[in-house]
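This is what each chain is made of:
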Amino acid sequence: MSCCRKWREHCVEAVYGELESDRRTAFAEHRRSCARCAAAFERLASTVALLDREMPPRPRPGQLDAWTRLAPALAEVDRRTRGRRPRPRIVLGYPAAAAVAAALVVLGLGLGLLLREPGMTPVPGPAAVQSREAPAAAADVDAELGRYLERATPLLLAVANRRSSGVGVAGFDPAVERRRAEQLAAEASALRARLTERGRRRQGELVTDMEVVFLQIANLPEREYRRGLEMVRATIETQALLFQLSVEELRRLGAPEV
Amino acid sequence: MDEHDLVERSRHGDRQAFREIVERHQDEVFYLGLGLLRNRHDAEDLVQEVFIRAYRSLERFRGQASLGTWLYRIAVNACRDYQRRERFQTLQESLGLLSEPERWIEERPDADPERSAASTELRRHVARAMRRLSPAERSVFVLRQFNQLSIRETAEVLGRAEGTVKNLLYRALQKLQKELAVYRDAEEVP
């Protein structure tokens, strides 16, 4: 049971004793008339009390001695900083600087013309992928990513929606799933190497997260398979993987950047 | 000595002044690392990383936030980088979790061995429950619950609005409450 949306902030502040007096009074009055908020507050407060009692022990005073390890590391930082020679600065007057800049521009244009292949015309890159990839290569990577997501998504959805209580458990074979996950992890690893261009960071992270999940599935021990899937589901949830997949799908369908 | 004086002296190469800063703040940074990385060894490494980063960036400390807030901010960012780098190690750790306890769980000396065992089991459960939290929820929860920063201070460290921090904290507590319901309900029975 959770607090009414309007009172959630009050609830969390009250649990930690941070609610100022007028707001505290208002929240107390509300709880007298709202059983839902009263129950939710009680539960959260007792959970925090439980957590307060069971925090891992703090280090005793003097127990930690970071300095012994730190001192040589800082000496190394100093040594490197001192060892860095300042670059000699060439100070040019305005006319000389302008002349150098103009010469560099002319040199750049000249080199560009010299190196340009005959008959080559500039092709504008796709706006969505601000990368240095050639358009054909970018389309290849996009197509490969699309095919990979199509193959990988069903297994992710199957795992995310299965419950250890039994719902959705019928008709799956752990051995088959593990093999499939192993294969998808290997494919993700290869694909990840192609997603290093500027503008593909988000896609690279998505594929990395999927690789982690598939490696988890592939390595689950036989006897702990169902229990282990709980952990895999937690990873899918904390990485917001299904959300990331939806965003990528929207992007591929040409929706504006989210 | 005032913390701003310590920073100023450290900037001018006074190693003892920086040592004083380390000794004043190492416990809090370590405890934050323990909550976020759930591992004593990694938390000790984090302390090193944070103070090395701080030492390198002393010039950039403008004194708008307190020194503690600044160090917490460095620590949270360092944890984020660390987790990104160690994603695959975390995977191994999480697989190990099936049969091994979380590594930050330590036996706490207790006169009653039964109570001590129950407490260890509960802390193990808390550590597992924390895995259910998103990175943002975990940062907020650890700063408030472990390091006992106020909601306002937590928001300052994370550079988020107070309302966002309250909502993240509420969601984190709700998830933990569900995970720990068995223990809480057992305590409520007279």
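Parameters and conventions
- Residues numbered from 1 in each chain as written.
- Chains lettered and ligands numbered in written order.
- Predicted model: local features only at pLDDT ≥ 70, side-chain atom pairs only at ≥ 80, totals over all residues.
- Helix = DSSP H or I, 4+ residues; strand = E, 2+ residues; numbered from the N terminus.
- Contact = placed C-beta atoms within 7 Å.
- Axes fitted to C-alpha atoms, helices over the stretch in contact; angles between N-to-C directions.
- Parallel < 35°, antiparallel > 145°, perpendicular 65-115°, else oblique.
- Nonpolar A, V, L, I, M, F, W, Y, C, P; charged D, E, K, R; others polar.
- Bend = angle between axes of the 7 residues up to and from the residue.
- pLDDT = per-residue confidence, 0-100.

Caption draft 1: Region of interest: the overall build of chain B. Helix and strand content of chain B: 10 helices and zero strands. Going from N to C terminus, chain B has its helices and strands arranged as α-α-α-α-α-α-α-α-α-α. Contacts spanning at least 24 positions in sequence make up 58% of the contacts within chain B whose residues lie at least 6 apart.

Caption draft 2: Expanded view of the packing of helix H7 (residues 135–146) of chain B against helix H9 (residues 162–179) of chain B. Residue and element names in this part refer to chain B. Look at H7 against H9: their axes get within 8 Å of each other, and the N-to-C directions meet at 95 degrees. In terms of their interaxial angle, H7 and H9 are classed as roughly perpendicular. Each of Ala 136, Glu 137, Val 140, Phe 141 and Arg 144 in H7 lies in contact with H9, whose residues at this interface are Val 165, Leu 168, Leu 169, Arg 171 and Ala 172. Across the contact of H7 with H9, the residue classes tally to seven nonpolar, no polar and three charged.

Caption draft 3: Quick peek at the interface of chain B and chain A. On the chain A side, the residues contacting the 48 residues of chain B number 40 residues. Those elements that place two or more of their residues in the side of chain B that touches chain A are helix H2 (15–37), helix H3 (40–56), helix H5 (87–96), helix H6 (113–130), H7, H9 and helix H10 (181–188) of chain B. Top element by residues in the side of chain B that touches chain A is H9 of chain B. It accounts for nine residues. Split into classes, the residues belonging to the side of chain B that touches chain A amount to 23 nonpolar, 11 polar and 14 charged.

Caption draft 4: Region of the structure containing H2 of chain B. By the largest-angle criterion, His 25 of chain B marks the main kink of H2 of chain B, which is about 50 degrees. Once H2 of chain B finishes, Arg 38 of chain B follows within two positions and takes phi at roughly 55 degrees, a positive value.

Caption draft 5: Region of interest: the packing of helix H8 (residues 201–218) of chain A against helix H9 (residues 225–238) of chain A. Residue and element names in this part refer to chain A. Put simply, H8 and H9 touch, their axes get as near as 10 Å, and they point 180 degrees apart. Relative to H9, H8 is oriented roughly antiparallel. Judged by residue contacts, Val 212, Val 213, Gln 216 and Ile 217 of H8 engage Met 231, Val 232, Thr 235 and Ile 236 from H9.

Caption draft 6: Quick look at the confidence of the model for chain B. Residue and element names in this part refer to chain B. Of all residues in chain B, 79% have pLDDT values of 70 or greater, and the mean over the chain is 83. Mean pLDDT across the secondary structure elements of chain B bottoms out at H5, with 50, and peaks at helix H8 (residues 151–158), with 95. Across residues 95–102 the pLDDT falls below 50, and counting only partners more than four positions away or on other chains, this stretch makes 12 contacts in the model. For this predicted complex, the interface score ipTM comes out at 0.80, alongside a pTM of 0.58.

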